[in-house]
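Observations on the three-dimensional arrangement
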Amino acid sequence: LDEIELALTWTRANDRALHRRLLAAAGRPLYFTGHLAPVAHEITAMAAADPREDEISGRLFIARAMVDVLAGDIGGVTEATQTAVDIHRRTGSKRALVSSMTTHAHMLTLAIRGPDARAVIAEALELASDITDQRVRDQLEGTIAFAAVVEENWDEAEERLQAILARPERTDFAANAAVSYFADCALGRGQGEQALERYGASLQNELRNTDLINAGVQMVGIAASLALLGRDEEAARIFGAAQRLGSEVGMGL
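Below: a short report on this structure. (Residues numbered from 1 in each chain as written. Predicted model: local features only at pLDDT ≥ 70, side-chain atom pairs only at ≥ 80, totals over all residues. Heavy atoms only, no water.)

**Description of helix 5 (residues 74–91)**
Side chains three or four residues apart in an α-helix point the same way, a direct result of the helix having 3.6 residues per turn. The first and last C-alpha atoms of helix 5 sit 26 Å apart over 18 residues, in line with the 26 Å expected at 1.5 Å per residue. Of the surrounding secondary structure, the elements contacted by the buried residues of helix 5 are helix 4 (55–71) and helix 6 (94–110). (Helix = DSSP H or I, 4+ residues; strand = E, 2+ residues; numbered from the N terminus. Expected span 1.5 Å × (residues − 1). Contact = heavy atoms within 4.5 Å.)

Written out as structure tokens, the structure is:
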């Protein structure tokens, strides 16, 4: 993180084209580690002035989407990811297009726009059929699993999550989040003890990965599990801690 910040400082003063490229690439990792807020305004301004004529533009709007997630503006999130998809249709490689479509589908799912998300996923799967990089399909499969969780289709979600966990070599976001998604399934089924155990394991994983945003999400899940078990005082303490963490990284929880 220190090196990213130093690089941003240097490019801001010395190489604006490289600065744009770096800022577009850094948006997602800075978001997950809780360090996006200091450059959020710069990303927003850069996206507003962007000519939208190259592949970096698409990445810049994905970074802009992360800013909107931080602000809780889900409408802005889906608008930004749709813009990224549109840009990559014109200027990007097929791999870049499928990647931005995967992110867009994930955000549509968060916005409770399930049919729209499924339509984007279906098109992305078709486009990805001749892409040899397995990581592209892994990202899509993870997005499908997340959609099933949000739709409360617990059987489909758990089947897909089992397939994800069966491949320990995976390093995509869904593989990292699979235990958390399993916890969501347990909570949805009313299985408080199982949900608590899974959210706890996921929290440890997020802390190892220095993913403060999703660490906060796991804490909210732990609080919900404790409340389901009637352990209200503990639930309140954990939820309060999650809110404090959210305020520190600039995100409401």
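**Quick word on the packing of helix 7 (residues 114–127) against helix 8 (residues 134–150)**
As a packed pair, helix 7 and helix 8 sit with axes 11 Å apart at the nearest point and diverge in direction by 160°. Comparing their axes, helix 8 and helix 7 come out roughly antiparallel. The two elements helix 7 and helix 8 meet at a crossing, and its hand is left-handed. Judged by residue contacts, Arg 118, Ile 121, Ala 124 and Leu 125 of helix 7 engage Arg 137, Leu 140, Thr 143, Ile 144, Ala 147 and Ala 148 from helix 8. Classifying every residue of the contact of helix 7 with helix 8 gives 7 nonpolar, 1 polar and 2 charged. (Axes fitted to C-alpha atoms, helices over the stretch in contact; angles between N-to-C directions. Parallel < 35°, antiparallel > 145°, perpendicular 65-115°, else oblique. Left-handed = near helix turned anticlockwise from the far one by under 90°. Nonpolar A, V, L, I, M, F, W, Y, C, P; charged D, E, K, R; others polar.)

**Some thoughts on the pattern of salt bridges**
On inspection of all chains with the given rule, the structure shows 23 salt bridges. The shortest N-O distance in the salt bridge between Arg 89 and Glu 123 comes to 2.9 Å. One end of the pair, Arg 89, is in helix 5; the other, Glu 123, is in helix 7, and 34 residues separate them in sequence. Overall, Arg 89 belongs to the partly exposed group, its relative accessible area being 43%. (Salt bridge = Lys/Arg side-chain N within 4 Å of Asp/Glu carboxyl O. Buried < 20%, exposed > 50% of the residue type's maximum accessible area, 1.4 Å probe, protein only.)

**Points about the packing of helix 10 (residues 173–188) against helix 12 (residues 212–228)**
Relative orientation and spacing of two packed helices are given, respectively, by the angle between their axes and the distance between those axes. One way to put it is that helix 10 packs onto helix 12 with a least axis distance of 10 Å and a crossing angle of 15°. In terms of orientation, helix 10 lies roughly parallel with respect to helix 12. Between helix 10 and helix 12 the crossing geometry is left-handed. Facing helix 10, whose interface residues are Phe 173, Ser 180 and Leu 187, helix 12 presents Asn 214, Gln 218, Ala 224, Ser 225 and Leu 228. The residue inventory of the contact of helix 10 with helix 12, partitioned by class, reads 4 nonpolar, 4 polar and no charged.

**Focus: unusual backbone geometry**
Positive phi, normally seen in glycine, also occurs at Arg 52, with a value near 60°. With respect to the helices and strands, the residue Arg 52 is situated in the loop between helix 3 (37–48) and helix 4. Exposure remark for Arg 52: the relative accessible area of 35% places this residue in the partly exposed category. For Glu 152, which is not a glycine, the phi torsion comes out positive at approximately 60°.

**Details of the packing of aromatic side chains**
Counted according to the given criterion, the structure contains 3 aromatic pairs. Chaining the aromatic ring pairs together yields one cluster made of Tyr 31, Phe 32 and Phe 173. (Phe/Tyr/Trp six-rings, centres within 6.5 Å; stacked < 30°, edge-to-face > 60°.)

**Some points on helix 3**
With 12 residues, helix 3 should cover 16 Å at 1.5 Å per step; its first-to-last C-alpha distance of 17 Å lies within 8% of that length. The complete set of buried residues in helix 3 reads Val 39, Ala 40, Glu 42, Ile 43, Met 46 and Ala 47. Turning to helix 3, the residues buried within the fold contact helix 1 (2–14), helix 2 (16–32) and helix 4.

**Some points on the environment of Ile 164**
As for its placement among the helices and strands, Ile 164 is situated in helix 9 (residues 154–165). The sequence separation of Ile 164 and Gly 34 amounts to 130 residues, and the corresponding C-alpha distance is 26 Å. Leaving out residues up to four positions away in the same chain, Ile 164 has contacts with Gly 142, Ala 145, Arg 170, Ala 174, Ala 175 and Ala 178.

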